[in-house]
Amino acid sequence: MSRSWSRTSRVIAGTATALAVLTACGGGEGGTDAASNEPVTITFWGWAKGSKDVVDAFNASHKNIQVKFEEIPSGTAGGYAKISNAVKAGNAPDLVSIEYASLPEFVSSGALQDIGGEFTEADRGKLLPQTVELTTLGGKTWAVPFDAAPQAFFYRKDLFAKYGVEVPATWDAFKAAAEKVKKADAKARIATFFPDDPTTFEAMTWQAGAQWFKAENDTWKINTTDAATTKVAAYWQGLVDADLVHKNASFSPEWTGSLKNSTTIGYLGASWGAGVLKGTLPEQSGKWAVAPMPSWDGKPASGMLGGTSFAVTKDSRKKAAAVEFAEWMSTTEAGVKARIASGTSSAFPAASALRPVAKAAFDASYYGGQDIYALFEQAGTSINQNWAWGPTTGTTNTAIKDQFGKITKGGPTITDAIRTGHEATVTELTKRGLKVEG
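Since the structure is predicted, the reported quantities are computational estimates derived from the model, not experimental observations. (Residues numbered from 1 in each chain as written. Predicted model: local features only at pLDDT ≥ 70, side-chain atom pairs only at ≥ 80, totals over all residues. Heavy atoms only, no water.)

(A) How the structure looks around the pairing of strand β13 (residues 266-270). A large share of β13 lies buried, amounting to 5 of its 5 residues. Because side chains alternate across β13, one face comprises the buried residues Gly266, Leu268 and Ala270, and the other comprises Tyr267 and Gly269, equally buried. In this structure, strand β8 (residues 151-156) lies alongside β13, joined through 5 bridges in antiparallel fashion. Its bridge partner being in β13, Phe153 is matched across the sheet by Leu268. (Buried < 20%, exposed > 50% of the residue type's maximum accessible area, 1.4 Å probe, protein only. Helix = DSSP H or I, 4+ residues; strand = E, 2+ residues; numbered from the N terminus. Pairing = 2+ DSSP bridges.)

Here it is in C-alpha cells:
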C-alpha cells in the first residue's frame, strides 16, 4: 500500500498547519492513573463489530486493568452526539471509538487528550505510517489507529448468475447491471442509496478524485463543486431518479429486510462490510462474494469508508491504562484474533503484520472460501491520494444528511444537498475564526 498511501499522507499531513491553531484548544495533559500496583478500571464506548469479544478477552487476560464496555450507536447514527454530550457534561468514558474523518472535529473542539507520551514512536512503528498520520494533528498524537477501510462491492453471486448479470468493473457497467437486475425482478435492486449516510457518498467522490478540503498555510480551501463530485452526484441522481437502486437508511430494518428477502442483491461498502453481512445474514452463507469497487475507467480505484481509531477523552484520569488497552486491541495478535474470531468483524488492521492473523481468524466459508483479504490489500493500494478531512465533518455531514432525506424525483437533488453541506461548512469555519476560501 506504500505508494498510494504515501501520497495520501502528504495531503493529510498538509492539514497539520491549519489544525495547529485548533489543537491549542484541545485537551490538556490529563490526569494520572491510579498507582501501578492497584487494578485500574476504565470505561470504553464503541460500536465496531466484535468490540465486546475484545473487551472480554482483554479482561480475562489482564488483572491490572479491567474494561467496562458500553455499545453505542455508530458515529453518524448518534454515537458522536452521545460522546460530545458526555464530554460537555463531564461524564465521558475514558476511551472512545472515533473514525478518522471525525477525529479533527473532536480535536478542534477540545474533547480529547494528546496521548503522545503513552503512544510512543516504537508503538506507532507497529502500524501503517499513514494511518498514524491520520491521527496526528498539529504535531500531536490524538488516537491509536485500528484499521483501514478500502471500498469493496459485495454481491449475491447466486442471483447475479440467475439473472445473467456480470460483476461490473466500471460505473457504466454498474448502471447497465442495475437495469438488468430490475428487468429480471421488478422488486429487486442491485444496491442501495443511503440517505442517512453521507460518508458512503463521500467515499465515492474520494474514489473519483475529489478533494473537498485542502489546507494551505492558514487557510481552508473548500471545493465541493469540482468535476469529480459533480460527476458522482449526477450519476447517483440518475440511479435514484430511474429507480435503479433502493433508498433506505443504512443498516435499518428496511435495508436488512431487503437483503433477507433478496430484493437487494448488492452492497457498496468497505472491508468491514464482510463481517456485517456475515453477522446479519448467516442463513445466506455461500451466496455472497466480494469484488473490487466499480471505477470510472475500469482501473483499480478506491476511497476509504470509515476506519476506526481509539481516543482518550479530555477528562479521563486513566490515560495510560486507556492507551494500553487501545494498543492491545490494535497491535497484538490476541486483540485482533479476539475481534475477528467472533465472526462479525472483518477488520483490515492498520498493523500490517497482523493482516495474516486477521485473514486466518476470519472464516471465509461465508464467501465460498474467497480470499477477501487479498482483495482488500489490492483495494488498499488503489486508495486515491488526494483526499483530506477538514475540522468540521460533523457540521458538513449533518447538513448533507438532512438534505439527503428530502431527495425526491423532481424535488431536492444530491447536488442541492452537497451545496447545503458546503455552505454549512464555510459558515462553521468562519464562525470559528478560520480563514476560508470556497
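(B) Local environment of the packing of helix α14 (residues 319-331) against helix α15 (residues 333-340). Between α14 and α15, the least distance of the axes is 5 Å, while the angle of their chain directions is 70 degrees. Classified by the angle between their axes, α14 and α15 sit roughly perpendicular to one another. Contact residues: α14 offers Trp328, Met329, Ser330 and Thr331, while α15 offers Glu333, Ala334, Gly335, Val336 and Arg339. Each residue belonging to the contact of α14 with α15 can be placed in one class, and the counts come to 4 nonpolar, 3 polar and 2 charged. (Axes fitted to C-alpha atoms, helices over the stretch in contact; angles between N-to-C directions. Parallel < 35°, antiparallel > 145°, perpendicular 65-115°, else oblique. Contact = heavy atoms within 4.5 Å. Nonpolar A, V, L, I, M, F, W, Y, C, P; charged D, E, K, R; others polar.)

(C) Up close: the sheet that holds strand β14 (residues 288-291). Strand order in this open sheet of 3 strands is β13-β8-β14, and the pairing throughout is antiparallel. In the strand order of this sheet, the two ends are held by β13 and β14, each with one partner. Each strand axis lies, on average, 25 degrees off the axis of its neighbour in the sheet, ignoring direction. Pairing geometry for β8 and β14, over 4 bridges, is antiparallel. Of the residues in β14, the one forming a bridge with Arg156 is Trp288. On the sheet, helix α17 (residues 372-381) packs against β8 and β14 and is oriented at approximately 25 degrees with respect to β14.

(D) Molecular detail of the layout of surface pockets. Approximately 780 Å³ is the volume found for the largest pocket. Its residues assigned to classes, the lining of the largest pocket shows 14 nonpolar, 14 polar and 7 charged. Estimated volume of the second largest pocket: approximately 550 Å³. What lines the second largest pocket is a set of 24 residues, among which Tyr80, Ala81, Ser84, Phe106 and Gly394 lie closest to the centre. Mapped onto the lining of the second largest pocket, the elements with two or more residues apiece are α4 (79-89), α5 (103-108) and α18 (393-404). Within the lining of the second largest pocket, the residues separate by chemical class into 6 nonpolar, 13 polar and 5 charged. (1 Å grid on protein atoms, 1.4 Å probe; cavity = no way out; pocket = protein on both sides within 12 Å on 5 of 7 lines; lining within 4 Å. Points joined across faces, edges and corners; volume = space filled by probe spheres on them.)

(E) Broad picture of the environment of Ala152. Mapped onto the elements, Ala152 comes out in strand β8. The sequence separation of Ala152 and Phe376 amounts to 224 residues, and the corresponding C-alpha distance is 7.6 Å. Aside from chain neighbours lying at most four places away, what touches Ala152 is Tyr267, Leu268, Gly269, Ala270, Val290, Ala291, Met293, Leu375 and Phe376.

(F) Here's a closer look at the sheet that holds strand β17 (residues 435-437). As summarised here, the arrangement of the 3 strands in space is β10-β11-β17, forming an open sheet in which the pairing is mixed. Both outer strands of the open sheet, β10 (213-216) and β17, are each paired with one neighbouring strand and no more. Taken pair by pair, the neighbouring strands of this sheet meet at an average axis angle of 25 degrees, ignoring direction. In this sheet, β17 lies alongside strand β11 (residues 219-222) in parallel orientation, the contact comprising 3 bridges. Looking at the pairing, Thr219 lines up with Lys435 of β17. Running at roughly 170 degrees to β11, helix α19 (residues 414-431) makes contact with β10, β11 and β17 of the sheet.

(G) Examining the environment of Thr408 more closely. Note that Thr408 resides in the loop between α18 and α19. Under the relative-accessibility criterion, Thr408 is labelled partly exposed at 41%.

(H) Representation of empty space enclosed by the protein within the structure. Applying the stated criterion across every chain, the model contains 4 cavities of 30 Å³ or more. In this structure, the largest cavity occupies an estimated 130 Å³ of space. Lining the largest cavity we find 16 residues, and of these Ala101, Thr199, Leu305, Gly306 and Trp389 sit closest to its centre. Those elements giving two or more residues to the lining of the largest cavity turn out to be α10 (198-208) and α18. Tallying contributions element by element places α10 first for the lining of the largest cavity, with 4 residues. By residue class, the composition of the lining of the largest cavity is 8 nonpolar, 6 polar and 2 charged.

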